[in-house]
Amino acid sequence: MITKQINNPLHVWGHYGALIVLALVTLAPIWIMVVTGFKDDVLVQQKEPVWFFFVPTLENYEYIMTRGKFDRYLWNSVIVGVWATFLTLLFGGLCAYALARTEFRGRVLVANSTLLVRMVPPAVLAVPAFAMVIKFSLDADLAVLIFFYTALNLPFAIWLLFGFYKQIPVELEEAAIVDGATPLQVFFRVLLPLMKSGYAVAGIFTFRIAWNEFILALLLTGRTSRTLPVGAAGFITDTGVEWGRIMAMGTLIVIPPLLFTFFAARQIIAGMTAGAVKG
Amino acid sequence: MTDIPAHGTPTALKRPRDLSALVPYFFILPAVAIMLAGLVYPVIQAFYLSFYDWKIGTDFQDAPYVGLRHFTRMLTDENVWESIWVTLRFGFWTISIEMFLGVSLALLLEKPIRGASVFRTIFILPLMVSPVVVGLIWRYLFDARIGWINYYLGLIGIEPQVWLGDADLAFFAIVFTDIWQWTPFIFIIVIAGLQALPSEVLEASKIDGANWWQHILFVKLPMIRSILMIALLMRLIDVFRALEVMYILTGGGPGRSTELLSLHIYNRAFDTQQLGYASAISVLLIVIVTLLSLGILRMGNPMKDKSDI
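This is a predicted model, so every value here is computed, not measured. (Residues numbered from 1 in each chain as written. Chains lettered and ligands numbered in written order. Predicted model: local features only at pLDDT ≥ 70, side-chain atom pairs only at ≥ 80, totals over all residues. Heavy atoms only, no water.)

J.: Explain the pattern of salt bridges to me, please; I cannot follow it from the model alone.
T.: Opposite charge on two side chains permits pairing when their charged atoms draw close. Residue and element names in this part refer to chain B. Within this structure, the stated rule accounts for nine salt bridges over all chains. In this structure, R235 and D238 form a salt bridge, with 3.2 Å as the shortest nitrogen-oxygen distance. Of this pair, R235 and D238 both sit in helix α10 (residues 225-241), three residues apart, which is roughly one turn of the helix. Of the charged contacts in the structure, one is a salt bridge between R256 and E259, with a shortest N-O distance of 2.8 Å. Judged by its relative accessible area of 3%, E259 is buried. Through salt bridges with shared partners, one network takes in E98, D178, R235 and D238. (Salt bridge = Lys/Arg side-chain N within 4 Å of Asp/Glu carboxyl O. Helix = DSSP H or I, 4+ residues; strand = E, 2+ residues; numbered from the N terminus. Buried < 20%, exposed > 50% of the residue type's maximum accessible area, 1.4 Å probe, protein only.)

Dropping the structure here:
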């Protein structure tokens with residue numbers, strides 16, 4: 001019965017038709033952003049939408065790159081994203097390993113609390129983070145942002161990596177220990193190579209959040225430490241509403257997450273579904 | 001797993017001088033310290049600040065202690081209740097529509113087909129785009145003068161609307177944006193759940209002569225019940241956490257018609273500059289989110305699974 005349905009050409013076409021419609025609905029707003037970034041102001045202000053055929057211009061990109069502080073924002077975003085990801089993977093990986101592989105007093109407590117703090121809303125962090133910066137007279141520095149992004153991402157990373165560690169047979173480590181390896185050697189020589197895809201998923205999720213985050217970045221950065229999303233939002237007030245430039249900026253911000261999606265869609269979906277399907 | 005105890009007795013492991021017993025603590029220490037300092041300490045700090053009337057730009061030392069006054073004020077503060085009401089309405093409409101669309105589409109399209117991975121890649125794109133950018137895109141599309149939505153509605157004879165300037169229309173706009181962004185998420189996790197179902201059970205129900213509707217209502221949906229519950233709770237928590245898209249799209253306005261609880265806290269703190277009062281409201285938000293998180297934990301803690309040692 002099932003095979004019949006799949007071979008029925010009507011069903012197959014209906015199936016593809018539905019998926020194509022859904023895909024177009026999903027893609028349309030992103031596509032509109034991309035094309036609007038390449039339109040000149042006359043075309044942007046025109047009421048009749050143009051989807052495909054027009055003479056593209058780079059003037060919006062030129063404006064962003066030369067007049068704005070795009071290079072500064074980009075550099076800040078890269079620094080914050082890379083450091084937050086590195087620290088999250090390093091410390092989160094160690095913690096997940098200990099939770100998955102060793103027995104110690106307080107293990108269940110740590111595991112449960114980790115899951116509980118995973119959902120702390122950014123709005124709750126906003127005021128205390130602001131207060132902490134004043135209290136400890138921290139400068140509006142990228143390090144503060146890196147610290148908070150690491151804290152925000154650790155629970156999810158630990159939980160994800162825990163699942164990956166659980167899938168590796170314990171016998172591999174036991175064999176290494178019999179051969180005289182120390183715990184650190186077991187971790188770095190035996191487990192890490194097998195954990196590549198787990199770390200890739202956790203890394204993508206961490207980098208994405210650090211790269212995209214807006215509210216804490218808005219609060220905790222100064223004029224020189226702004227990240228890209230803060231810079232993009234600034235376009236609304238700084239220059240009136242210049243849609244061409246805003247959309248060009250949006251396109252640039254979206255490039256890294258988009259690349260991740262195309263190259264690692266399977267891993268991203270694995271990360272997203274892990275929580276719901278395994279639980 | 002650890003060093004062989006000197007006398008071969010298991011109790012040797014428990015001696016405090018046995019350093020190998022401390023190794024796990026060294027492993028968890030950095031992560032736990034960062035989470036304590038960056039997540040737990042701020043939450044405690046929010047509790048603490050809620051007892052003071054601290055305004056932006058003033059020294060915290062000068063902020064008067066007000067005891068529980070912020071909390072009693074909150075109980076009768078129409079604006080707080082309104083933002084909770086907006087959040088619940090927003091959650092109701094977005095989650096029910098997203099669940100309905102996501103689950104129906106998943107049931108219709110679950111069969112593995114050629115090219116499924118291409119479609120899946122496309123469907124996760126809205127989740128990867130920065131919330132700020134999502135807000136900007138839709139602010140442009142909903143623009144009253146040059147927005148694409150008004151243009152196409154005009155083609156079928158609907159007058160141009162000031163989408164983001166009218167309370168009901170702005171609410172519709174944030175719901176619509178959320179549905180665009182999150183329906184694919186429900187779709188993908190439900191599909192993953194359906195495809196993970198044991199085929200024997202599904203076959204058995206077919207052989208027993210269940211028709212298509214019975215098959216879905218009495219076999220498939222009950223089997224993915226826990227996935228649906230977790231997806232529902234996750235989305236509900238997201239609704240209470242969300243503020244970035246709304247911040248860009250409407251700023252919470254017009255009036256307070258799209259001011260979700262998180263955005264309300266933010267606006268209270270940094271727009272009307274009442275840091276202490278905003279902290280008191282965020283204590284309420286922590287309680288709500290913690291209760292919902294406990295709900296997810298009860299559904300099954302993945303770190304405590306049965307395969308565990």
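J.: Just checking my understanding: could you explain the domain arrangement of chain A for this structure?
T.: In many reports, interface size means the accessible area that the parts give up when they come together. Residues and elements named next belong to chain A. Assigned domains within chain A: domain 1 (2-57) and domain 2 (60-278). A straight line from the C-alpha centre of domain 1 to that of domain 2 covers 31 Å. Contact between domain 1 and domain 2 buries roughly 710 Å² in total, counting both sides, with carbon and sulfur atoms accounting for 68%. For the interface between domain 1 and domain 2, the tally reads zero salt bridges. (Domains from an automatic or database assignment. Buried area = accessible area lost by both parts, 1.4 Å probe.)

J.: Quick question: what am I supposed to make of the interface of chain B and chain A here?
T.: If you look at the interface, chain B gives 99 residues, while chain A gives 110 residues. Taken together, the two surfaces of chain B and chain A that pack against each other cover about 9800 Å², and 80% of this comes from carbon and sulfur. Applying the counting criterion to the chain B and chain A interface returns zero salt bridges. The interface formed by chain B and chain A includes 13 residue pairs in polar contact (both at pLDDT 80 or more). At 20 residues, helix α1 (residues 23-49) of chain B tops the list of elements feeding residues into the side of chain B that touches chain A. Its residues assigned to classes, the side of chain B that touches chain A shows 73 nonpolar, 13 polar and 13 charged. (Contact = heavy atoms within 4.5 Å. Polar contact = N/O pair within 3.5 Å; in protein donor to acceptor, adjacent residues only side chain to side chain. Nonpolar A, V, L, I, M, F, W, Y, C, P; charged D, E, K, R; others polar.)

J.: Help me out: how do you make sense of the nonpolar core in this one?
T.: Across soluble globular proteins, you tend to see nonpolar side chains buried next to one another. Membership of the largest hydrophobic core comes to 193 residues, with the highest contact counts inside it found for Y165, L220 and M249 of chain A together with Y140 and F270 of chain B. Both domains that meet at this core, namely domain 1 (2-57) and domain 2 (60-278) of chain A, each give it at least three residues. In contact with Y165 of chain A, not counting residues within four places along its chain, are G93, A96, Y97, A100, R101, F187, L191, L192, M195 and Y199 of chain A. (Core = buried A, V, L, I, M, F, W, Y, C linked by side-chain atoms within 4.5 Å.)

J.: I would appreciate a short explanation of the environment of E159 of chain B in the present structure.
T.: Within the secondary structure, E159 of chain B sits in the loop between α6 (148-155) and α7 (167-195). Residues E159 of chain B and Q214 of chain B, spaced 55 residues apart in sequence, show a C-alpha to C-alpha distance of 44 Å.

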